[in-house]
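Structural features, examined
Here are the chains, one letter per residue:
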Amino acid sequence: ADPGRLAVAAVLMGAGQTLNAGIYAAIGRDGVYYGFKLGAPVPWCSGFPFNLGFRHPQYVGGTLSQYAVFLALSSPATCRAGLLPLLAWWSVNYAAMSWVEASFGDNDGSEEQEAPPSRRKAA
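Residues numbered from 1 in each chain as written. Predicted model: local features only at pLDDT ≥ 70, side-chain atom pairs only at ≥ 80, totals over all residues. Heavy atoms only, no water.

**A short note on the packing of helix H2 (residues 57-73) against helix H4 (residues 83-104)**
Each packed pair of helices is defined by two parameters, the angle between the axes and the distance between the axes. Following both chains from N to C, one finds H2 and H4 inclined at 180 degrees, their axes separated by 10 Å at the closest point. One way to sum up the angle between H2 and H4 is to call them roughly antiparallel. Touching Tyr59, Gly62, Thr63, Gln66, Tyr67 and Phe70 of H2 are Leu83, Leu84, Leu87, Trp90, Ser91, Tyr94, Met97, Ser98 and Glu101, all from H4. Looking at the contact of H2 with H4 residue by residue, the class counts come to 9 nonpolar, 5 polar and 1 charged. (Axes fitted to C-alpha atoms, helices over the stretch in contact; angles between N-to-C directions. Helix = DSSP H or I, 4+ residues; strand = E, 2+ residues; numbered from the N terminus. Parallel < 35°, antiparallel > 145°, perpendicular 65-115°, else oblique. Contact = heavy atoms within 4.5 Å. Nonpolar A, V, L, I, M, F, W, Y, C, P; charged D, E, K, R; others polar.)

**Topic: H2**
Since one α-helical turn is 3.6 residues long, residues separated by three or four positions face the same way. For H2, which comprises 17 residues, the first-to-last C-alpha distance of 24 Å matches the rise-based estimate of 24 Å (1.5 Å per residue) to within 8%. For H2, the full list of buried residues reads Pro57, Tyr59, Gly61, Gly62, Thr63, Ser65, Ala68 and Phe70. (Expected span 1.5 Å × (residues − 1). Buried < 20%, exposed > 50% of the residue type's maximum accessible area, 1.4 Å probe, protein only.)

**Side note on a nonpolar patch on the surface**
On the surface, a nonpolar cluster with roughly 550 Å² of combined accessible area is contributed by Tyr34, Met97, Trp99, Val100 and Phe104. Mapped onto the elements, Phe104 comes out in helix H4. According to the relative accessible area criterion, Phe104 is exposed, its value standing at 64%. (Patch = residues over 30% accessible without salt bridge, like charges linked within 9 Å, V, L, I, M, F, W, Y side chains within 5 Å. Areas by Shrake-Rupley, 256 points an atom, 1.4 Å probe, with all protein chains shown as cover. Salt bridge = Lys/Arg side-chain N within 4 Å of Asp/Glu carboxyl O.)

**A closer look at the confidence of the model for the protein chain**
Residue-level pLDDT values for the protein chain average 83, and 84% of them are 70 or greater. Every residue in residues 110-120 scores below 50 in pLDDT, and together they form 12 contacts with partners more than four places removed in sequence or on other chains. (pLDDT = per-residue confidence, 0-100.)

**A word on the side chain of Ser74**
Assignment of secondary structure puts Ser74 in the loop between H2 and helix H3 (76-80). At a separation of 2.6 Å, a polar atom in the side chain of Ser74 contacts the side chain of Arg5. Engagement of the side chain of Ser74 in a polar contact is seen with the backbone oxygen of Phe70, the distance being 2.7 Å. Setting aside its immediate chain neighbours within four residues, Ser74 contacts Arg5, Val69, Cys79 and Leu83. (Polar contact = N/O pair within 3.5 Å; in protein donor to acceptor, adjacent residues only side chain to side chain.)

**Topic: unusual backbone geometry**
Residue Pro49 is reached from Phe48 by a cis peptide bond, and omega for that bond is 0 degrees. Examined against the element boundaries, Pro49 turns out to sit in the loop between strand E1 (44-45) and H2.

Structure (structure tokens):
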């Protein structure tokens, strides 16, 4: 890949992994891997990366990271072999899961007026 593509890929990967690391720091492994669905306590967090305006910063981080890998490793041959439709499919799946969680409850507090005190965490 040319240096310009690699530079853009590095920026996308850095941004994506910053969001992913921020998720782990903010809500921990149980929050990231839906442990709250099994009764694990997950702290409520309104700080970084939840304060960036993304409803699902982990999905945004994952998508940016996948775009970075695509930019760094793709070639005309891999695109002809179906890599571009695969990237589009991943993007559609992230968007669909975000919609499902928003529509059917994702434990983000939108289903209630305010998070209960046991789930609040200072930013």
